[in-house]
Amino acid sequence: MATIDLTGKVAVVTGSGRGLGLAYAHALAAHGARVVVNDIDAAVAGAAVKSIEESGGTAVAEVVPVGTSEAADRLVGRAVEEFGRLDVLVTNAGILRDRVLWKMTDDDFDAVITTHLKGTFTCARAAAVRMREQGEGGSLILVGSPAGQRGNFGQTNYAAAKAGIAAMARTWSMELGRAGITVNAIVPVAATAMTETIPAFALYIEALRGGEPVPDALRKGEGFGTPEDCAALVPFLASEAARGITGQAIGIGGDKVALWSHPQEIRTAYADGGWTPDTLADAFPASVGAELQSVGIPAPKLPEA
């Protein structure tokens, strides 16, 4: 059995004061990495660092909201200042401003895009510059979402950002391959503040807080569990065991791990000399239109009460 050992590696995890980000930071530290914890709340970041140190790990905090180049430079600079290098970046920081399209304001849209999409871009760019200077490769682990893969009602901004993150992972895997830097998107599903807003999951999340386990049918059928269940994927992708894995979108949650497909053509049709609106109307239903794709995150199949 392979042993994941990240001793000597240094990681930055954005948005790691609580929830999934904290679970990622703990998992990296537990496997030997030194971690820069990031949050916008100094008390939350400090508590996260303390919890990692009490578990035997090494961590420092950098309190800054991601999104700007200056914030990205601070995070990478803190890693280098404290630990001398940077090997792993996990872009987890995010916010929600859910509204249906006709009610979403410019500020709702811009805030989410700035934190998720631009924050991922600026942090990845700063990390890539440093990793290329070091000349020893590295790992960019970008946090996506089922909403970015499938769309989700009321989440124009969030779904757009997460879809863009998956696209950036594919693009950067090509651009950074020669430098030995792997780039992957992870698609976690866990009991978090966001999934608690989904009525079907709320009851189980509340039960989890009370010490009850997530039902086995939910852990396997929906791939739904705790943030800690998702965290295993991060140290794996940061390790030498995953050197050959790049440009992928990998889902994890509960007892389930899955590889998401890339968008691709599934049906084609041809017309000599090209198409007209009339020939499309005649041919589309029985050709490419015979397999229209579904949208949205499928409703969970929950165990019977």
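Below you will find a few notes about this structure.

Procedures and definitions
Residues numbered from 1 in each chain as written. Predicted model: local features only at pLDDT ≥ 70, side-chain atom pairs only at ≥ 80, totals over all residues. Heavy atoms only, no water. Core = buried A, V, L, I, M, F, W, Y, C linked by side-chain atoms within 4.5 Å. Buried < 20%, exposed > 50% of the residue type's maximum accessible area, 1.4 Å probe, protein only. Helix = DSSP H or I, 4+ residues; strand = E, 2+ residues; numbered from the N terminus. Contact = heavy atoms within 4.5 Å. Salt bridge = Lys/Arg side-chain N within 4 Å of Asp/Glu carboxyl O. Axes fitted to C-alpha atoms, helices over the stretch in contact; angles between N-to-C directions. Parallel < 35°, antiparallel > 145°, perpendicular 65-115°, else oblique. Left-handed = near helix turned anticlockwise from the far one by under 90°. Nonpolar A, V, L, I, M, F, W, Y, C, P; charged D, E, K, R; others polar. Polar contact = N/O pair within 3.5 Å; in protein donor to acceptor, adjacent residues only side chain to side chain. Expected span 1.5 Å × (residues − 1). Arc of directions from axis to C-beta. Pairing = 2+ DSSP bridges. Patch = residues over 30% accessible without salt bridge, like charges linked within 9 Å, V, L, I, M, F, W, Y side chains within 5 Å. Areas by Shrake-Rupley, 256 points an atom, 1.4 Å probe, with all protein chains shown as cover.

**What to know about the nonpolar core**
Core analysis: the biggest nonpolar cluster contains 33 residues, and Leu140, Trp172 and Val183 have the highest contact counts within it. Contributions of two or more residues to this core are made by strand 1 (10–13), helix 3 (69–83), helix 4 (106–134), strand 5 (138–143), helix 6 (156–175) and strand 6 (181–188). The contact partners of valine 183, leaving out residues within four places of it in the chain, are Leu140, Leu142, Ala169, Trp172, Ser173, Leu176, Thr246, Gly247 and Gln248. Within the second largest apolar cluster, 32 residues are counted, among which are Leu28, Ala29, Val90 and Ile252.

**Looking at the pattern of salt bridges**
Considering all chains together, one arrives at 13 salt bridges under this definition. With a shortest N-O distance of 2.9 Å, glutamate 62 and arginine 78 are connected by a salt bridge. One end of the pair, glutamate 62, is in strand 3 (residues 58–63); the other, arginine 78, is in helix 3, and 16 residues separate them in sequence. Of the two residues, glutamate 62 and arginine 78, both sit in the buried class. Via salt bridges that share partners, Asp216, Arg219, Lys220, Asp229 and Asp255 belong to a single interconnected network.

**Structural notes on the packing of helix 4 against helix 6**
Put simply, helix 4 and helix 6 touch, their axes get as near as 8 Å, and they point 15° apart. With respect to helix 6, the axis of helix 4 lies roughly parallel. Both helix 4 and helix 6 take part in a crossing whose hand is right-handed. Packed against helix 4, whose contacting residues are Asp108, Phe109, Val112, Ile113, His116, Leu117, Thr120, Phe121 and Ala124, the element helix 6 presents Thr156, Asn157, Tyr158, Ala160, Ala161, Lys162, Gly164, Ile165, Met168 and Trp172 at the interface. Taken together, the residues of the contact of helix 4 with helix 6 sort by class into twelve nonpolar, five polar and two charged.

**Some remarks on the environment of aspartate 278**
Among the structural elements, aspartate 278 can be located in helix 11 (residues 277–283). When the C-alpha positions of aspartate 278 and isoleucine 95 are compared, they lie 45 Å apart, and in sequence the two are 183 residues distant.

**Details of the side chain of histidine 116**
Along the chain, the position of histidine 116 falls in helix 4. Assessed through its relative accessible area of 4%, histidine 116 is described here as buried. Here the side chain of histidine 116 touches isoleucine 95 through a polar contact of 2.9 Å, landing on its backbone oxygen. Side-chain polar atoms of histidine 116 contact the side chain of lysine 162, separated by 3.4 Å.

**Thoughts on helix 3**
A rise of 1.5 Å per residue sets the reference length of helix 3, with its 15 residues, at 21 Å; its end C-alpha atoms lie 21 Å apart and thus fit the reference within 8%. The set of residues buried in helix 3 consists of Ala71, Ala72, Leu75, Val76, Arg78, Ala79 and Phe83. Taken end-on, helix 3 shows its buried residues confined to a sector of 145°, consistent with a single buried face. Opposite the buried face of helix 3, at more than 90 degrees from it, the exposed residues are Glu70, Asp73 and Glu81. In this fold, the buried residues of helix 3 make contact with strand 1, strand 2 (34–39), strand 3 and helix 4. Where helix 3 terminates, the next one or two residues include glycine 84, which has phi positive at roughly 90°.

**Details of the pairing of strand 8 (residues 256–259)**
For strand 7 (residues 249–253) and strand 8, the ladder comprises four bridges, and the chain directions are antiparallel. When the bridges of strand 8 are listed, glycine 251 appears paired with alanine 258. What sits between strand 7 and strand 8 in their antiparallel hairpin is a turn of two residues, with glycine 254 showing a positive phi close to 55°.

**What about the sheet that holds strand 5?**
Spatially, the eight strands line up as an open sheet ordered 3-2-1-4-5-6-7-8, and their pairing is mixed. Among the strands making up the open sheet, the edge pair consists of strand 3 and strand 8. Ignoring strand direction, the axes of neighbouring strands in this sheet form an average angle of 20°. Its contacts with the sheet place helix 6 against strand 5 and strand 6, and it is angled at close to 160° to strand 5.

**Quick word on a nonpolar patch on the surface**
On the surface, Trp275, Leu280, Phe284 and Leu292 cluster together into a nonpolar patch covering about 400 Å² of accessible area. Note on placement: phenylalanine 284 falls in the segment after helix 11. Overall, phenylalanine 284 belongs to the partly exposed group, its relative accessible area being 37%.

**Digging into the packing of helix 3 against helix 4**
Helix 4 packs onto helix 3 with a crossing angle of 40° between their chain directions and a minimal axis gap of 8 Å. Regarding the angle of helix 3 to helix 4, the classification is oblique. The interaxial crossing formed by helix 3 with helix 4 has right-handed handedness. Across the interface between the two elements, Ser69, Ala72, Asp73, Leu75, Val76 and Val80 of helix 3 pack against Thr122, Cys123, Arg125, Ala126, Ala127 and Arg130 of helix 4. Residue composition of the contact of helix 3 with helix 4, grouped by class: seven nonpolar, two polar and three charged.

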